[in-house]
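Okay, here's what each chain looks like letter by letter:
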Amino acid sequence: MSRKKKRQFEQKTEETSTEFSSEDFEFARRDEERIYDKKFETKPVGFFRDAMKRFAKNRYNVYATIILLTLVLLAIFVPAFTTKNITGQEPQLRFLPPRIPVVEHLGIADGTSRVENVRVDPDTVDLEEDFGLPSEDRYRHEYIVEDSVEANYRYCDDIAESCFGGQNVLTHDGEDTFTILEAPEFWVFSDAENPVVEIDIESMSDNPLTELTVFIGDEELGTITEAGTYTFDVDPQTSRLHLEFDAVANEYVSLNSVTLSDDAEEDPLYFYEGYDLAFWSIDGEQSDASYERRDGREMRIDFDFDEYEAAFGQREQSAYSSRDYYALIEEYDEVCEKTVDPDDPERWTFSEGCPVIEVKGQSRPIEWEGEEYYTYHVVLDYAVYQGFDDTPYFLFGTTSNGRDLFAVSWRALRTSLFIGVTASLVNITIGIIYGSIEGYYGGKIDLLLERFAEVMGRIPWLVTLSIASALLGPGVFTLFVILIFSGWIGISGITRTQFYRYKRREYVLASRTLGAKDRRLIFRHILPNGIGTIITTSVLSIPMVIFIESTISYLGFGIGHGVDFNVGPVEFSGVSIGVLLADGQAQMYANPYLTVAPALIIAILMITFNMFGNALRDAFNPSLRGVEE
Amino acid sequence: MIRYTLIRTLWIFIILFIVVSLNFILLRVAPEYPPPDPDQRDIYYERQRGDGFVTRVTLLEEVEEDAERMEEIREHGRELAGVAHFDDRNGTMWVYEDVPIMQQYASWMTNILTEWNWGYSTRIQVNVPVFDVLVSRIPVTVQLNLIALFFYIPIGFTLGIIAALKKNSTTDNAISTLVMIGISVPNFVVMSILVLFFGYTLGWLPTQFPASDIVGIIQLTAVVLPVLALASNPIAHLTRMTRAELTEVLTSDFLLLARTKGLTRPQAVVRHAMRNSMVPLVPGIIFSFVGLLSGSVVIEQIYSIPGTGRIFVRAMQEDDYNLVLGVTAFYTIISLFAVLLVDLSYGIVDPRIRMGARK
């Protein structure tokens, strides 16, 4: 206020102060009702309601929490209610790929797997159509998805039926000058009209003295000196073809094919190439000539194989124990209606819905220790036999034991969650007590305890791991020891800080003055005030513990197959998500789906857990009240 | 400052000493698994004797007392208290007797301090000094982790800066999502998925680390997947921290001043905001190297990388405790020195912090 203004103000007050008397004043609201304390029109917001409000503010965190809850519920209920095999061994059902309803019509997860680079059965090969089929023993042809076969070729030079085409090369080694190459059988073509021998030579040494003379029986048909296709007319007779190769050392002739054809027949009477031609015999003066295949093609095929049909379709078993058979028929008594084959009393069929479709015969009984043993040759409907009404859906596929990976994964998640939550609870308890003592008492106690916590916290987890698993061996207890060994330090640190923040507050002092004991001060006054941050840290420590647990189990030092344990009535499998991933790792090339499902589950779990923790942190942070972003 | 440095260094050495000693003593208490082959077992115990973990007593048949004892040992073998192993040759018997654990510890410490002798591997590379085994493995691991370190720092910074400058935009949200994934998903899961996708499905990168004698481009491509898997977590952390620090600095008074005096926004950000937001990040980066190292234990296992992590897991599986001791000592030393470095770096990076100064 400037000096001038100040003076004016003073003058004014002097002037006005005398002008008013008390009558000049009146109550502004005399005529209205008296003012009382009004009730708040807004609702009071408590700490937790306020927290809920802030919790719900971030939509994504709420979604994450819902997903997390879903995961937890699945982990609890799926293993309890699954009808599929999750503990036994079913070698027939191992490594089935995922099959999911609805999605299967889109061409993914339809229960087929792409089989690659399989040798073909030479009898099924059609070279012109680029088509072949694998050996029936391994891949039943009826389960190969139609039109899915893709052929590709690779070089081969071995004498094998699967190696097609190419040439057969006759080479003179060393001193040879004269070799006879002879057809393996006599040619019978006495009925033929105008029979013709065709010889296809791929290449031949350039030397003009190198000659290949063609004989049938004793009759000389002609002489070949360079590459090309040659035809010779022959008289109908029964005889053997042979070729005489006259050449010096290191000269060669490379043959594509030898054909005997006839006007009367469409197909050649005799045809040799590739594999067949390789069986011609060689004979010569010194005869260390070599006769080898070259440039053949071997067919490999890729195709889609319907694993589910193969596993659950009809399956023939030639030696099915009669005892098992009668037990089975008795079990399915209502649906199994027997129809005996009118032509053969040893064969009979069953109505639909029965695990046995057909009995094809019976073995001769064997008597042993007074009892008769015999077997049936049966055809089983494997889906029914396994207790399924229809071909089942294994959503994530099956494991190497034939277990349903879907149920096994949730069971594994249950184990992981249980260990994670339990270990965290222990950590939280220890951490809060330790941190409270440090923070509340302070001074020398704090210093000592803090140094101890520092040493504990500085021990690398590899050291803890090595000591615990060397002393205790792998198992649940070891795992808990490792998880708890240094897990509480973070929480004790937070608690200590919270105590330092609140222990000098007035209300604590007031309570102390009134004679409250340490315990009351800690648990009634200080801890509740700092609990928000502690809760947040605790919740965020759970995914951390699960992370460490899965890592240790993945490495094989925690729990594993066969380390099942019970907590009250609930059974937990020793297979946690980490163990499942380690199993999948071994099968990554052949069955990648074994890695995909557990990896996704743990990834989603960790992400949603962290988001849930973040939401809690916001919720328990009153300083964010009313902050609008 | 000097006093502070000295105290911290001393403290770190005390912790190192405690950890290594504890590890030795507890592993010595753990059940021992000598080689099953008799000849190798004789060598094994002879070596133990050389290290001072057992003593050898020679018993002679001619002496009466000895003969009785020999009979007893033959009958009960290792069940007798104190007898670790015996070598029975006509007339004479060498009995290897356990030495009290503290005495073992003393000789072990002496061996390390005077001869730098960390003992010999008993299973993995039989009779090769542990230190030599380590020295052959360390380069692979350290190289991989350094590549990961220098790979993740620029990416983490860049993403964090982008997120902070474009706060609450779509870009920021996308980066936040990535950060959430990177922080949450364990690195061995990341590694599994990467190997599955890039190794097997697409076939672009090798599915296993190649042996060192295979030369060529594969030595380079083989590094890609482990580095990515190792870096996924640190990138996320660095991005989140950079974003948080930079957002805070961007709203600070001195940045407003910088803008008021006429600097453009990029100038202000680069010259003032970034430099100040770096300070709290440096310790995190130093610590992250320790995180990388211990994370690489699993990655090495998945990708068959012949590093210290893989040798640790193998040594654990086959109970080669000397080697376990050596490897864990290596990891302990690295992590403790990182702690020391972090403690000291606070003062160096930010001159306003004077460590150890009296209030």
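Residues numbered from 1 in each chain as written. Chains lettered and ligands numbered in written order. Predicted model: local features only at pLDDT ≥ 70, side-chain atom pairs only at ≥ 80, totals over all residues. Heavy atoms only, no water.

### As for the overall build of chain B
Now for step 1: When its secondary structure is counted, chain B shows 13 helices and three strands.
Now for step 2: Accessible surface computed for chain B: about 18,000 Å², of which carbon and sulfur atoms make up 63%.
Now for step 3: Computed over 28 positive and 33 negative side-chain charges, the inter-centroid distance for chain B is 25 Å. (Helix = DSSP H or I, 4+ residues; strand = E, 2+ residues; numbered from the N terminus. Areas by Shrake-Rupley, 256 points an atom, 1.4 Å probe, with all protein chains shown as cover. Lys, Arg positive; Asp, Glu negative; His and termini not counted. Charge placed at Lys NZ, Arg CZ, Asp CG, Glu CD.)

### Some words on the overall build of chain A
Now for step 1: Looking only at helices and strands, one finds 16 helices and 26 strands in chain A.
Now for step 2: A globule of 629 residues ought to have a C-alpha radius of gyration of about 25 Å, yet chain A, at 44 Å, is considerably larger.
Now for step 3: Overall, the C-alpha framework of chain A stretches about 155 × 85 × 65 Å when taken along its three principal axes.
Now for step 4: In chain A, which comprises 629 residues, the proportion classed as buried is 44%.
Now for step 5: The contacts of chain A with a sequence gap of at least 6 include a subset with a gap of at least 24, amounting to 73%. (Rg over C-alpha atoms; globule rule 2.2 N^0.38 Å. Buried < 20%, exposed > 50% of the residue type's maximum accessible area, 1.4 Å probe, protein only. Contact = heavy atoms within 4.5 Å.)

### Topic: the packing of helix H6 (residues 170-184) of chain B against helix H8 (residues 218-250) of chain B
Residue and element names in this part refer to chain B.
Now for step 1: Where H6 meets H8, the axes come as close as 8 Å, and the angle between the chain directions of the two elements is 135°. Relative to H8, the element H6 is oriented oblique. As for the relative orientation of H6 and H8, their crossing is left-handed in sense. For the pair formed by H6 and H8, the contact residues are Asp172, Ile175, Val179, Gly182 and Ile183 on the first element and Ser232, Asn233, Ala236, His237, Thr239, Arg240 and Arg243 on the second.
Now for step 2: Residues belonging to the contact of H6 with H8 are distributed by class as follows: four nonpolar, five polar and three charged. (Axes fitted to C-alpha atoms, helices over the stretch in contact; angles between N-to-C directions. Parallel < 35°, antiparallel > 145°, perpendicular 65-115°, else oblique. Left-handed = near helix turned anticlockwise from the far one by under 90°. Nonpolar A, V, L, I, M, F, W, Y, C, P; charged D, E, K, R; others polar.)

### Some remarks on the packing of aromatic side chains
All names here are of chain A.
Now for step 1: Scanning the entire structure with this criterion turns up 36 aromatic pairs over all chains.
Now for step 2: Ring centres 5.1 Å apart and planes at 85° place the aromatic pair tyrosine 275 and phenylalanine 279 in the edge-to-face group.
Now for step 3: Here phenylalanine 279 falls in the partly exposed class, since its relative accessible area comes to 47%.
Now for step 4: Ring centres 5.0 Å apart and planes at 70° place the aromatic pair phenylalanine 396 and phenylalanine 406 in the edge-to-face group. In this pair, phenylalanine 396 sits in the loop between helix H7 (382-385) and helix H8 (405-441) while phenylalanine 406 sits in helix H8, placing the two residues ten residues apart along the sequence. (Phe/Tyr/Trp six-rings, centres within 6.5 Å; stacked < 30°, edge-to-face > 60°.)

### What to know about the interface of chain B and chain A
Now for step 1: Residue-level contacts link 45 residues of chain B with 37 residues of chain A.
Now for step 2: Around 3,600 Å² of area is buried between chain B and chain A when both sides are counted, 79% of it from carbon and sulfur atoms.
Now for step 3: Its largest share of buried area at the contact with chain A, chain B owes to Met180, Phe188 and Leu196 of chain B, together 16% of the area lost on that side.
Now for step 4: With a shortest N-O distance of 3.3 Å, arginine 8 of chain B and glutamate 454 of chain A are connected by a salt bridge.
Now for step 5: When contributions to the side of chain B that touches chain A are tallied by element, the ones reaching two or more residues are helix H1 (2-29), H6, helix H7 (187-201), helix H11 (281-303), helix H12 (308-317) and helix H13 (321-349) of chain B.
Now for step 6: Looking at the side of chain B that touches chain A, the element that brings in the most residues is H1 of chain B, giving ten residues.
Now for step 7: Residue composition of the side of chain B that touches chain A, grouped by class: 32 nonpolar, eleven polar and two charged. (Buried area = accessible area lost by both parts, 1.4 Å probe. Salt bridge = Lys/Arg side-chain N within 4 Å of Asp/Glu carboxyl O.)

### A look at the sheet that holds strand S2 (residues 83-89) of chain B
Residues and elements named next belong to chain B.
Now for step 1: One open sheet accounts for three strands, arranged S1-S3-S2; its pairing is antiparallel. Because the sheet does not close on itself, it has two edges, and the strands there are strand S1 (54-60) and S2. Sheet twist, expressed as the average angle between the axes of neighbouring strands with direction ignored, equals 20°.
Now for step 2: Two strands pair when backbone bridges link them, and S1 and strand S3 (residues 92-98) are joined in this way by seven bridges, in the antiparallel orientation. Across the sheet, threonine 55 pairs through a bridge with glutamate 97, a residue of S3.
Now for step 3: Packing of helix H3 (residues 64-76) onto the sheet brings it into contact with S1, S2 and S3, and relative to S1 it is tilted by some 120°. (Pairing = 2+ DSSP bridges.)

### Digging into the state of the cysteines
Such a bond, covalent and formed between the sulfur atoms of two cysteines, is termed a disulfide.
All names here are of chain A.
Now for step 1: Tallied over the entire structure, the rule returns one disulfide over all chains.
Now for step 2: Paired by a disulfide, cysteine 156 and cysteine 163 hold their sulfur atoms 1.8 Å apart. What sets the handedness of the cysteine 156 and cysteine 163 disulfide is the S-S torsion sign, and at about 100° it is right-handed.
Now for step 3: The exposure class assigned to cysteine 156 is buried, which follows from its relative accessible area of 5%. (Disulfide = S-S within 2.5 Å.)

### Side note on the confidence of the model for chain B
All names here are of chain B.
Now for step 1: With 95% of its residues at a pLDDT of at least 70, chain B reaches an overall mean of 83.
Now for step 2: Of all secondary-structure elements in chain B, the lowest mean pLDDT belongs to H3, at 75, while helix H5 (residues 130-165) reaches the highest, 90.
Now for step 3: Predicted complex, confidence summary: ipTM 0.85, pTM 0.80. (pLDDT = per-residue confidence, 0-100.)

### Brief notes about the nonpolar core
Now for step 1: In this structure, Leu413 and Phe609 of chain A together with Trp108 and Tyr152 of chain B are the most contacted members of the largest nonpolar core, which totals 143 residues.
Now for step 2: Not counting the four nearest positions on each side in its chain, phenylalanine 609 of chain A is found in contact with Leu68, Leu417, Val539, Ile542, Pro543 and Ile546 of chain A.
Now for step 3: One finds Ala192, Ile199, Leu212 and Tyr291 of chain A within the second-largest nonpolar core, a separate group that totals 31 residues. (Core = buried A, V, L, I, M, F, W, Y, C linked by side-chain atoms within 4.5 Å.)

### Brief notes about the pairing of strand S21 (residues 356-362) of chain A
As a general feature of sheets, a regular strand has side chains that alternate between the two faces.
All names here are of chain A.
Now for step 1: Here strand S20 (residues 348-350) pairs with S21 via two bridges, running antiparallel. Among the inter-strand pairings, tryptophan 348 is bridged to a residue of S21, identified as valine 359.
Now for step 2: Counting the residues between successive antiparallel strands, the hairpin from S20 to S21 contains five residues, one of them, glycine 353, with a positive phi of roughly 95°.
Now for step 3: Bridge analysis of S21 against strand S24 (residues 375-381) gives five bridges, and the strand direction is antiparallel.

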